[in-house]
Amino acid sequence: MVKYFAKRLGMTLAAMLAIILITFCLMHAVPGGPFTSDRKVTPEVEAALNEKYGLNDPLPVQFVNYLGGLLHGDLGPSYKYTGKTVNEFIVNGFPVSARLGAATILFVLLAALPMGILAAVKNGRWQDMGIMAVATVGVTIPSFVIASILIYLFSFKLGWLPTYGLDSWKGYILPVIALGGYSVSYLARLTRSSLLEVMGQDYIRTARAKGLSEFKVITRHALRNALLPVITVLGPTAANLLTGSFVVEKIFAIPGLGVHFVNSVSQRDYTTIMGVTVFYAAFLMAMVLVVDVFYCLIDPRIKYE
């Protein structure tokens, strides 16, 4: 296992370097710079700002300097907010996104797994068709459309829930549903298909022949093996939810990590774009590695060579 983790760590570092390089090149390929948008500054002031932040250096030099700061945990200063650093944006924004993401993950698990299990057990019946119809609609509708519909119905029309912020538990309801709608639908469909495949295996028929109840057959034998594909998808999904949904956070005015990224893109704040991208990529790869560890815990047939 040590050899496996060493190999995976090397692959992760290589992937991170590729992500940083690609993001850096794409960011500098956009015409203009961080000081040429929004308010127009004089050429002298723009030249002084470029010199201060090293933007006049050749791109290879800028890239090496950025990697040097990254190795020391320094993601650099913000070009748009004087006195602010990217580290501060992440430290302040990630806990907000993480709280919203954790609530969404809980909602996804509590909704998707029972829906998928019920659809598989009632295969071909009205319960199965109803759940799959809802799941199909949830997969096809984007999160920002769900958010807009929820705000219109439960905030403007009924006045039950707030339209912005996370000041109370009510503030979590609409963002969690909008953020987790796609994941609930997708995982419910995946759970159903995986469980149906497992329930057709020989060992399931053997368990039933021994006289075990259907509940024990599903929970003790079928579900454990059926969860492997679900866990594979759940790792990247959890990383995406915990780091924040850019669109949903913007709609509900939630001061999370996604808002900083959206603002940095529109303002061409290079360091913030790089910092949030690197943080998200590192978090995503860490979650994928955690998923691989859970594989051997759930299914003892899987061994690391």
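See the structure printed just above.
Residues numbered from 1 in each chain as written. Predicted model: local features only at pLDDT ≥ 70, side-chain atom pairs only at ≥ 80, totals over all residues. Heavy atoms only, no water.

K.L.:
Which residues make up the overall build of the chain, and what values go with them?
P.N.:
On a plain count of helices and strands, the chain comes out with 12 helices and 0 strands. Listing every helix and strand of the chain by position from the N terminus yields α-α-α-α-α-α-α-α-α-α-α-α. Of all 305 residues assigned to the chain, the portion counted as buried reaches 42%. Sequence separation of at least 24 residues holds for 72% of the intrachain contacts in the chain that already meet a minimum separation of 6. Accessible surface, the chain as shown: approximately 16,700 Å² in total, 69% of it carbon and sulfur. (Helix = DSSP H or I, 4+ residues; strand = E, 2+ residues; numbered from the N terminus. Buried < 20%, exposed > 50% of the residue type's maximum accessible area, 1.4 Å probe, protein only. Contact = heavy atoms within 4.5 Å. Areas by Shrake-Rupley, 256 points an atom, 1.4 Å probe, with all protein chains shown as cover.)

K.L.:
An account of the side chain of Thr23 is needed here, citing residue identities and associated values.
P.N.:
Of note, Thr23 is situated in helix α1 (residues 2–29). Excluding residues that lie within four positions of it along the chain, Thr23 makes contacts with Met274 and Thr277.

K.L.:
Lay out unusual backbone geometry in plain terms, naming residues and giving numbers.
P.N.:
Despite not being glycine, Ala253 has its phi angle at roughly 55°, a positive value. Relative to the elements of secondary structure, Ala253 occurs in the loop between α10 (246–251) and α11 (257–267). The exposure class assigned to Ala253 is partly exposed, which follows from its relative accessible area of 45%.

K.L.:
How would you summarise the packing of aromatic side chains if you had to cite specific residues and measurements?
P.N.:
Counted by the stated rule, this structure contains 6 aromatic pairs. With centroids separated by 5.1 Å and ring planes inclined at 75°, the aromatic side chains of Phe94 and Phe279 adopt a geometry described as edge-to-face. One end of the pair, Phe94, is in helix α4 (residues 86–121); the other, Phe279, is in helix α12 (residues 270–298), with 185 residues separating them in the sequence. With relative accessibility at 23%, the residue Phe279 sits in the partly exposed group. The rings of Phe94, Phe279 and Phe283 are connected pair by pair, giving a single aromatic cluster. (Phe/Tyr/Trp six-rings, centres within 6.5 Å; stacked < 30°, edge-to-face > 60°.)

K.L.:
Residue-level account of a nonpolar patch on the surface, with values.
P.N.:
Judged by side-chain polarity, Phe144, Phe246, Val247 and Ile251 come together as a nonpolar surface patch covering roughly 310 Å² of accessible area. No other element matches α10, which puts 3 residues into the nonpolar patch. With respect to the secondary-structure elements, Phe144 resides in helix α6 (residues 143–157). Taking relative accessible area as the criterion, Phe144 reaches 43% and is therefore assigned partly exposed. (Patch = residues over 30% accessible without salt bridge, like charges linked within 9 Å, V, L, I, M, F, W, Y side chains within 5 Å. Salt bridge = Lys/Arg side-chain N within 4 Å of Asp/Glu carboxyl O.)

K.L.:
Residues and numbers for helix α7 (residues 170–198), please.
P.N.:
Here α7 is 29 residues long and its end C-alpha atoms lie 39 Å apart, about the 42 Å a rise of 1.5 Å per residue gives. At Gly180, α7 shows its strongest bend, of approximately 50°. (Expected span 1.5 Å × (residues − 1). Bend = angle between axes of the 7 residues up to and from the residue.)

K.L.:
I'd like a rundown of the packing of α1 against helix α3 (residues 59–71), residues and numbers included.
P.N.:
Here α1 crosses α3 at 135°, and the two axes come no closer than 11 Å. Compared by their axis directions, α1 and α3 come out oblique. Crossing of α1 against α3: the hand is right-handed. Residue-level contacts link Leu17, Ile20, Leu21, Phe24 and His28 of α1 to Leu59, Gln62, Phe63, Tyr66, Leu67 and Leu70 of α3. (Axes fitted to C-alpha atoms, helices over the stretch in contact; angles between N-to-C directions. Parallel < 35°, antiparallel > 145°, perpendicular 65-115°, else oblique. Left-handed = near helix turned anticlockwise from the far one by under 90°.)

K.L.:
Could you give me a rundown of the packing of helix α5 (residues 126–140) against α7, with the residues and numbers involved?
P.N.:
In the contact formed by α5 and α7, the axes pass within 8 Å of each other and the chain directions differ by 135°. Relative to α7, the element α5 lies oblique. Considering only the axes of α5 and α7, their crossing is left-handed. Facing Asp128, Met132, Val134, Ala135, Thr136, Gly138 and Val139 of α5, the residues of α7 in contact are Gly181, Tyr182, Ser185, Tyr186, Ala188, Arg189 and Arg192.

K.L.:
An account of the nonpolar core is requested, with residue identities and associated values reported.
P.N.:
Nonpolar side chains in soluble globular proteins tend to end up buried together. In this structure, Leu100, Leu187 and Phe252 are the most contacted members of the largest nonpolar core, which totals 36 residues. Not counting the four nearest positions on each side in its chain, Leu100 is found in contact with Leu166, Tyr172, Pro175, Val176, Leu179, Glu249 and Ile254. Formed by 20 residues, the second largest nonpolar core is a distinct cluster that contains Leu55, Tyr79, Phe261 and Met285. (Core = buried A, V, L, I, M, F, W, Y, C linked by side-chain atoms within 4.5 Å.)

K.L.:
How would you sum up the environment of Met274? Please name residues and give values.
P.N.:
In this structure, Met274 sits in helix α12. Residue Met274 is classed as buried on the basis of its relative accessible area of 1%. C-alpha of Met274 to C-alpha of Ile19: the two residues are 255 residues apart in sequence and 9.7 Å apart in space. If near-sequence neighbours (up to four positions away) are discounted, Met274 is found in contact with Ile20, Thr23, Phe24, Met27 and Tyr66.

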